[in-house]
Amino acid sequence: GGGGGQKKGDTLSSLEEGKGGQTRGEAKGEGKAFRHDLDESDGEVIEIRVFPDQQQRLAVEKARDSAGAAQEGLGHSSAEARFAPFAELPSLCLRVVRFHPTMRCVLGPEFGAAGSLIDMRKVIDTRSPLVACRDKVLGDLRDIPRVLTAIQADWHQPEGLNRRTAAQFYSMLEKLVLEEAEGGRLEVDVLVTAVEASLWMGEQFASDLQGLFPSLRVVPISANKVIGVLSNTRGTAPMTGFSFSSLTVSLKRTIVVAISHSGQTFPTLHATHALRRICGNRVFVLTGSVDSKMAAAVGQMPETDAPWVGRVWHTFCGWRPSEALTVSTVACHQSLSELLLYLAKRAASGPEPFRTASGLKLSKNDVADIKRLNATVVVTAGTIVGSDIAGVPLPAAMRRTHQNLVQNGRKWALHVLEGPHAWLLSSAYIFATVVSGYPIFSAIYATWVVPAAFGELETGPEWLGKLILGVDCLLYCFLPLFFSIILRVVQGRQLSARLGKRTLVIGDVPYVHQLLESYVSKLFSLSYSIASIDVHGANVVDHLVHRFTHRVTRGVLVAAGRPDGRLFSMTKAESWVLMALQQCKAIVHLLAPPEVLTVGHNPFRDPSVVDSHVCLGSKRPKFMSELLVGVTEEEPMQRLAKVRQQANTQSSHEVLSEFRKGEPLGVLALDDITNKQGTAMLTDLAARVHRAAEITLVDGKYDHSVHSRYDVSRHSQRVANILGNQTDISRHTARNDASRHSNF
């Protein structure tokens, strides 16, 4: 597998040492226990019989042999085919038949060999520590900081098992890039396969890997499509609507990444087996536990003394009973981010021929920037879920973001619970008025109106009494509406929204809105129809407007994620998000537009577009573009206009003075550089930023690159390199290279 492979003594015991955990047998104080995993790929059948004693077992076998049943043992006598696997249990009898390479009977010695019987006393205990919480979903949420800490700690260890697997993956990528492809344009370099949530994250990983190494061809595909095609003998028949087949792709040199939290998702597991037969040891898997069927499919055994084969990444999540995905998706996302960071670091430090052939544009300082951003994940996650790595709630001052999220969640929960609340109030009113015999209007009429108007001895006109009863009947008919309006007035919610089940539309980048749509749907999967919600998802900057604006009705709830428009690389993206939400907000009926909630790092909120905004805290260092003195606008387009004004009116020396006022030295990590050197670098940086502003903000034909030109690296060494060789700051290749894949 290349560099970073297995070394002498590399076993799973190092994983337990890093976790400070125990094996299953040690944790429970158990005696002997063994497990046998059936061969799901090629087929295996085990017959189990239990006899009262050994004498009866021998008598039964002798009788079967005398009856000519040797064929049942597939070439062996019944006595040979059946065996007692454990001397301590002579009454237990097994007969094992396997179908690879041919149908045959497995005898006792082969069945009891290492790799067939797994000693459970040596298997790593990968069960997740249950947080003290009756709500399993809430317990998983509180466990996120601990899992993220474990992932980061493992990836930061030079001898961490995940890093060793990543080293072999990188070695294969490097060999793949430097070798001349034989399959031409059909050649697939990296194939990422999974289903549902794992596939959505795998698609984002494939996109990021493609961006990291532009010359590679990285293809994400559903595991269902893989097994649907590869189940065909030649693999030439694609599934309807998809082109994946042996006629359109070549897997001769392909590296495979299969993703599944459980490690036994049916399509992904069987796709792993199928691709393993084609690609051999070039198949890698990412699972929540080393003790999984997918790990076994690539040759990784779960015992602590088993050698590490370097084909498995694990997310430290273990088994999770809750169906709604929380910590498992976060852990998978973080593990893939760590893998990308590792690959970027190795590639940026690698030889020049590989960097050139792969199309890598990142420098060592860029990777250091990303690493610093990644280091803030654990702290930020704690403020969002409201607990530390031990699952203990944080002090109130440190969980304001969590409290803000919960507050907005409870407000929207009132929309969902409006139906049950109105039904309970209506039921209470009906019981009270019918049992007492005094509907509210009839009671008022009989108690106050009649004595005052007709005297205490009179009953009033009969027709008037009938009319009052009609009013009471009308109230009974519209009791839910009546109490819903009362609830909305008391709770301060929108008055004219539609009654009944609410609709939630989640808008964000593809993998985020797909994960959240699945998460919310599963939370309400067992709810009664009266207290449920319809959930949809869409990409805000793509098809939200086209798919949902014509379906916006009174009371629709829209939750959208916003990029941080304070960074020029995301300014227009946030503007597009706000514009799409404004189009949704423009659909008004009976003075009731949709209710919009946004989540993001930029505190800016336009009340005419956004009803509620949750501003996420951030521990990351600031970019140079955020240190421009005088550019305080948070509205994205106003910020761009302010920078345009500065570019037209200020010189590079004035920009430098603004940087100095912002005290960027700590941000730029110039602690080891003398003041003179730092000043010179800042002067050059200010001039470069000023010239970029003049080009990108004044000359309209370069407007498309304004964002990346401004978000220059925080590290001055990269700035010095840029000034020396005039590298394109935007990290794009030549503007006339539309595909950016010059090698293809």
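Parameters and conventions
Residues numbered from 1 in each chain as written. Predicted model: local features only at pLDDT ≥ 70, side-chain atom pairs only at ≥ 80, totals over all residues. Heavy atoms only, no water. Helix = DSSP H or I, 4+ residues; strand = E, 2+ residues; numbered from the N terminus. Buried < 20%, exposed > 50% of the residue type's maximum accessible area, 1.4 Å probe, protein only. Contact = heavy atoms within 4.5 Å. Areas by Shrake-Rupley, 256 points an atom, 1.4 Å probe, with all protein chains shown as cover. Phe/Tyr/Trp six-rings, centres within 6.5 Å; stacked < 30°, edge-to-face > 60°. Patch = residues over 30% accessible without salt bridge, like charges linked within 9 Å, V, L, I, M, F, W, Y side chains within 5 Å. Salt bridge = Lys/Arg side-chain N within 4 Å of Asp/Glu carboxyl O. Pairing = 2+ DSSP bridges. Axes fitted to C-alpha atoms, helices over the stretch in contact; angles between N-to-C directions. Core = buried A, V, L, I, M, F, W, Y, C linked by side-chain atoms within 4.5 Å. Expected span 1.5 Å × (residues − 1).

Residues and numbers for the overall build of the protein, please.
On a plain count of helices and strands, the protein comes out with 29 helices and 15 strands. Evaluated residue by residue, the protein yields a buried proportion of 47% over its 744 residues. Within the protein, contacts between residues separated by at least 24 positions form 71% of all contacts whose residues are at least 6 apart in sequence. Summing over all exposed atoms, the protein offers an accessible surface of approximately 36600 Å²; the carbon and sulfur share of this is 58%.

Run through the packing of aromatic side chains, naming residues and quoting values.
Applying the stated criterion across every chain yields a total of 11 aromatic pairs. Aromatic side chains Phe 34 and Phe 86 sit 5.4 Å apart centroid to centroid with 25° between the ring planes, which places their arrangement in the stacked category. Linking Phe 34 in strand β1 (residues 34-35) with Phe 86 in the loop between α4 (78-81) and β3 (92-98), this pair joins segments that are 52 residues apart in sequence. Here Phe 284 and Trp 313 contribute two aromatic rings whose centre-to-centre distance is 5.4 Å and whose plane-to-plane angle is 20°, an arrangement assigned as stacked.

Lay out a nonpolar patch on the surface with the relevant residues and their values.
A surface patch of nonpolar side chains, amounting to about 790 Å² of accessible area, comprises Ile 440, Phe 441, Ile 444, Trp 448, Val 449, Trp 463, Leu 467 and Val 471. For the nonpolar patch, the elements supplying multiple residues, two or more each, are α19 (440-454) and α20 (462-477). Examining the composition of the nonpolar patch, we find that five residues originate from one element, α19, more than from any other. Mapping Leu 467 onto the fold places it in helix α20.

With reference to specific residues and values, describe the sheet that holds strand β4 (residues 104-106).
Read from one edge of the open sheet, three strands run β2-β3-β4, paired in antiparallel fashion. Of all strands in the sheet, those with a lone pairing partner are β2 (44-50) and β4, marking the two edges. Ignoring strand direction, the axes of neighbouring strands in this sheet form an average angle of 25°. Pairing of β3 with β4, which is carried by three bridges, proceeds in the antiparallel orientation. Along β4, the bridge assignment pairs Val 97 with Cys 105.

Can you explain the nonpolar core? Please cite residues and give values.
The nonpolar side chains of a soluble globular protein tend to be buried with one another. In this structure, Phe 169, Phe 213, Trp 313 and Leu 343 are the most contacted members of the largest nonpolar core, which totals 56 residues. Among residues more than four places away in sequence, those in contact with Leu 343 are Ala 166, Phe 169, Tyr 170, Leu 173, Leu 209, Leu 212 and Phe 213.

Which residues make up helix α11 (residues 266-279), and what values do they have?
Taking 1.5 Å per residue, 14 residues should reach 20 Å; α11 reaches 20 Å between its end C-alpha atoms and fits that length. Inspection of α11 places Pro 267, Thr 268, Leu 269, Ala 271, Thr 272, His 273, Ala 274, Leu 275 and Cys 279 among the buried residues, and these make up the whole buried set. In the stretch just after α11, Gly 280 is the one whose phi turns positive, near 65°.

Describe in detail the sheet that holds strand β7 (residues 218-222), supporting the description with residues and values.
Read across the open sheet, the five strands follow the order β7-β6-β8-β9-β10; overall the sheet is parallel. Strands with a single pairing partner mark the edges of an open sheet, and in this sheet they are β7 and β10 (312-314). When the angles between neighbouring strand axes are averaged without regard to direction, this sheet yields 20°. With three bridges joining them, strand β9 (residues 283-287) and β10 adopt parallel strand pairing. The residue of β10 that forms the bridge with Thr 287 is His 314. Here helix α10 (residues 223-230) sits on the sheet and contacts β6 (190-194) and β7; the angle it forms with β7, its principal contact strand, is near 85°. Strands β8 (255-259), β9 and β10 of the sheet are contacted by helix α13 (residues 327-348), whose axis makes an angle of about 140° with β9.

Run through the pattern of salt bridges, naming residues and quoting values.
Under the counting rule described, the total for this entry stands at 26 salt bridges. A salt bridge links Arg 35 to Asp 291, with the nearest nitrogen and oxygen atoms 2.8 Å apart. One end of the pair, Arg 35, is in strand β1; the other, Asp 291, is in the loop between β9 and α12 (293-297), with 256 residues separating them in the sequence. With relative accessibility at 22%, the residue Arg 35 sits in the partly exposed group. In this structure Asp 291 comes out as buried when scored by relative accessible area, which is 17%.

Would you mind going over helix α8 (residues 161-178) in detail, with residue names and values included?
Given 3.6 residues per helical turn, the α-helix brings residues three or four places apart onto the same face. With 18 residues, α8 extends 26 Å from end C-alpha to end C-alpha; this agrees with the ideal 26 Å at 1.5 Å per step. Counting buried residues along α8, 15 of its 18 residues qualify, which places the element largely inside the surrounding structure.

Help me get a handle on the environment of Leu 343, residues and values and all.
Within the fold, Leu 343 resides in helix α13. Each C-alpha atom of the pair Leu 343 and Phe 169 lies 8.8 Å from the other, and the pair is 174 residues apart in sequence.

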